[in-house]
Amino acid sequence: SQQGEEDPQALSIQEGENATMNCSYKTSINNLQWYRQNSGRGLVHLILIRSNEREKHSGRLRVTLDTSKKSSSLLITASRAADTASYFCATAGANSKLTFGKGITLSVRP
Amino acid sequence: DTEVTQTPKHLVMGMTNKKSLKCEQHMGHRAMYWYKQKAKKPPELMFVYSYEKLSINESVPSRFSPECPNSSLLNLHLHALQPEDSALYLCASSPWTGAVETQYFGPGTRLLVL
């Protein structure tokens, strides 16, 4: 069963613009992770934010977590054509599983 | 070495064949995972091994048989598969802290069952 639900399902932006993706979940979590997947390939871990953290940065990535609203957002600043991919949020709870959302397709136009 | 390798990259098999998928990591991770991913869908967890023991089986049909011969290797044995089993099979590994940490994924094996 899916825990995270990303929003929007698809996003198309111009190179240089910022991309914001949202994820909502239903049950309590230990951490929330964001992954990127280029077409038909393996997933690449982007960032992990723990339940007691509110914001994390990694390069051009900024992740926020609001446990009261059970939501997270991923901001990619100054997007590049190479950022074109599918992005998944994944929640880690007490059941030793990582549960993925449906994913967001990001297209960055050159 | 922060890489998870998977072989083969592509596999075509008939419904009566027996084949195996292989996964290897040398990061010292004690948790390893098999996921199945259909096109335009998220990965679905199949199996979790922690310290070479099967800890989670997500009610996967017995035609899929996992094996963890040692802490670096994970196999998935396939037998009598159905066409609907065609998918991308992803292996992942992570440190085992009792909680789910960052998972490192291999490139996957794209399986086609005829």
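**Student:** In this structure, what is going on with the pattern of salt bridges? I would like to understand it.
**Tutor:** All names here are of chain B. Summed over the entire model, instances satisfying the criterion amount to seven salt bridges over all chains. Its salt-bridge partner being lysine 36, residue aspartate 85 comes within 4.0 Å of it at the nearest N-O pair. In this pair, aspartate 85 sits in the loop between strand S8 (73-79) and strand S9 (87-94) while lysine 36 sits in strand S4 (residues 31-37), placing the two residues 49 residues apart along the sequence. The partner of arginine 63 in a salt bridge is aspartate 85, with the nearest N and O atoms 2.7 Å apart. Of the two residues, arginine 63 is situated in the loop between strand S6 (53-57) and strand S7 (64-70) and aspartate 85 in the loop between S8 and S9; the sequence distance between them amounts to 22 residues. Accessibility expressed as a relative area gives 23% for arginine 63, which makes it partly exposed. The exposure class of aspartate 85 is buried, given its relative accessible area of 2%.

**Student:** I'm lost on the state of the cysteines in this one. Help?
**Tutor:** In a disulfide, the sulfur atoms of two cysteines are covalently bonded to one another. Residue and element names in this part refer to chain A. This model, assessed by the stated rule, comprises two disulfides over all chains. A sulfur-sulfur distance of 2.0 Å marks the disulfide that ties cysteine 23 to cysteine 89. Where cysteine 23 bonds to cysteine 89 through sulfur, the torsion about that S-S bond is close to 60 degrees, and the disulfide is right-handed. Taken together, the positions of cysteine 23 in strand S3 (residues 19-24) and cysteine 89 in strand S9 (residues 85-92) put the pair 66 residues apart, joining distant regions of the chain.

**Student:** Could you clarify how one ought to interpret the confidence of the model for chain A in this entry?
**Tutor:** Regions with low pLDDT should not have their predicted coordinates read in detail. In this model, chain A carries an average pLDDT of 93, and 97% of its residues clear a pLDDT of 70 or more. For chain A, the element scoring lowest by mean pLDDT is strand S1 (residues 5-7) of chain A, at 80; strand S7 (residues 61-66) of chain A scores highest, at 98.

**Student:** How do you make sense of the sheet that holds strand S6 (residues 55-58) of chain A when you look at a structure like this?
**Tutor:** Sheet strands line up and pair through hydrogen bonds in the backbone, either parallel or antiparallel. Residues and elements named next belong to chain A. One open sheet holds the five strands; their spatial order is S1-S3-S8-S7-S6, and the pairing between them is antiparallel. At either margin of the open sheet sits one strand with a lone partner, and together these are S1 and S6. Each neighbouring strand pair of the sheet contributes to a mean axis angle of 20 degrees, computed without reference to strand direction.

**Student:** So what exactly am I meant to see when it comes to the interface of chain B and chain A here?
**Tutor:** The accessible area lost on association of the parts is a frequent measure of interface size. Every contact between the two is made by 21 residues of chain B and, on the other side, 22 residues of chain A. Carbon and sulfur atoms supply 57% of the area buried between chain B and chain A, which totals about 1600 Å² over both sides. Summed over the three residues of chain B that lose the most area to chain A, namely Pro42, Val100 and Phe105 of chain B, the buried surface amounts to 32% of that side. For the pair chain B and chain A, the interface holds two salt bridges. Across the pair glutamate 58 of chain B and lysine 97 of chain A runs a salt bridge whose closest N-O atoms are separated by 2.8 Å. Taken together, chain B and chain A are joined by seven residue pairs in polar contact (both at pLDDT 80 or more). Elements with a minimum of two residues in the side of chain B that touches chain A: S4 and S9 of chain B. Considered class by class, the residues forming the side of chain B that touches chain A number 12 nonpolar, five polar and four charged.

**Student:** For this particular structure, what's the right way to read the side chain of glutamine 37 of chain A?
**Tutor:** Counting through the fold element by element, glutamine 37 of chain A comes out in strand S4 (residues 31-37). Within the local environment of glutamine 37 of chain A, its side chain forms a polar contact with the backbone oxygen of arginine 41 of chain A, the two atoms lying 2.5 Å apart. Non-local contacts of glutamine 37 of chain A, meaning those with residues more than four positions away in its chain, are made with Gly42, Leu43, Ala85, Ser86 and Phe88 of chain A together with Gln37, Leu88 and Leu90 of chain B.

**Student:** Please explain unusual backbone geometry as it appears in this structure.
**Tutor:** Here aspartate 7 of chain A and proline 8 of chain A are connected by a cis peptide whose omega angle stands at -5 degrees. Put simply, threonine 7 of chain B and proline 8 of chain B share a cis peptide bond, and its omega is -10 degrees. Mapping proline 8 of chain B onto the fold places it in the loop between strand S1 (4-7) and strand S2 (10-13). One non-glycine residue, lysine 70 of chain A, adopts positive backbone phi at about 50 degrees. Tracing the backbone shows lysine 70 of chain A in the loop between S7 and strand S8 (71-76). Here tyrosine 51 of chain B, not a glycine, exhibits a phi torsion of approximately 50 degrees, which is positive. Inspection of the secondary structure puts tyrosine 51 of chain B in the loop between strand S5 (44-50) and S6.

What counts and what doesn't
- Residues numbered from 1 in each chain as written.
- Chains lettered and ligands numbered in written order.
- Predicted model: local features only at pLDDT ≥ 70, side-chain atom pairs only at ≥ 80, totals over all residues.
- Heavy atoms only, no water.
- Salt bridge = Lys/Arg side-chain N within 4 Å of Asp/Glu carboxyl O.
- Helix = DSSP H or I, 4+ residues; strand = E, 2+ residues; numbered from the N terminus.
- Buried < 20%, exposed > 50% of the residue type's maximum accessible area, 1.4 Å probe, protein only.
- Disulfide = S-S within 2.5 Å.
- pLDDT = per-residue confidence, 0-100.
- Pairing = 2+ DSSP bridges.
- Axes fitted to C-alpha atoms, helices over the stretch in contact; angles between N-to-C directions.
- Contact = heavy atoms within 4.5 Å.
- Buried area = accessible area lost by both parts, 1.4 Å probe.
- Polar contact = N/O pair within 3.5 Å; in protein donor to acceptor, adjacent residues only side chain to side chain.
- Nonpolar A, V, L, I, M, F, W, Y, C, P; charged D, E, K, R; others polar.

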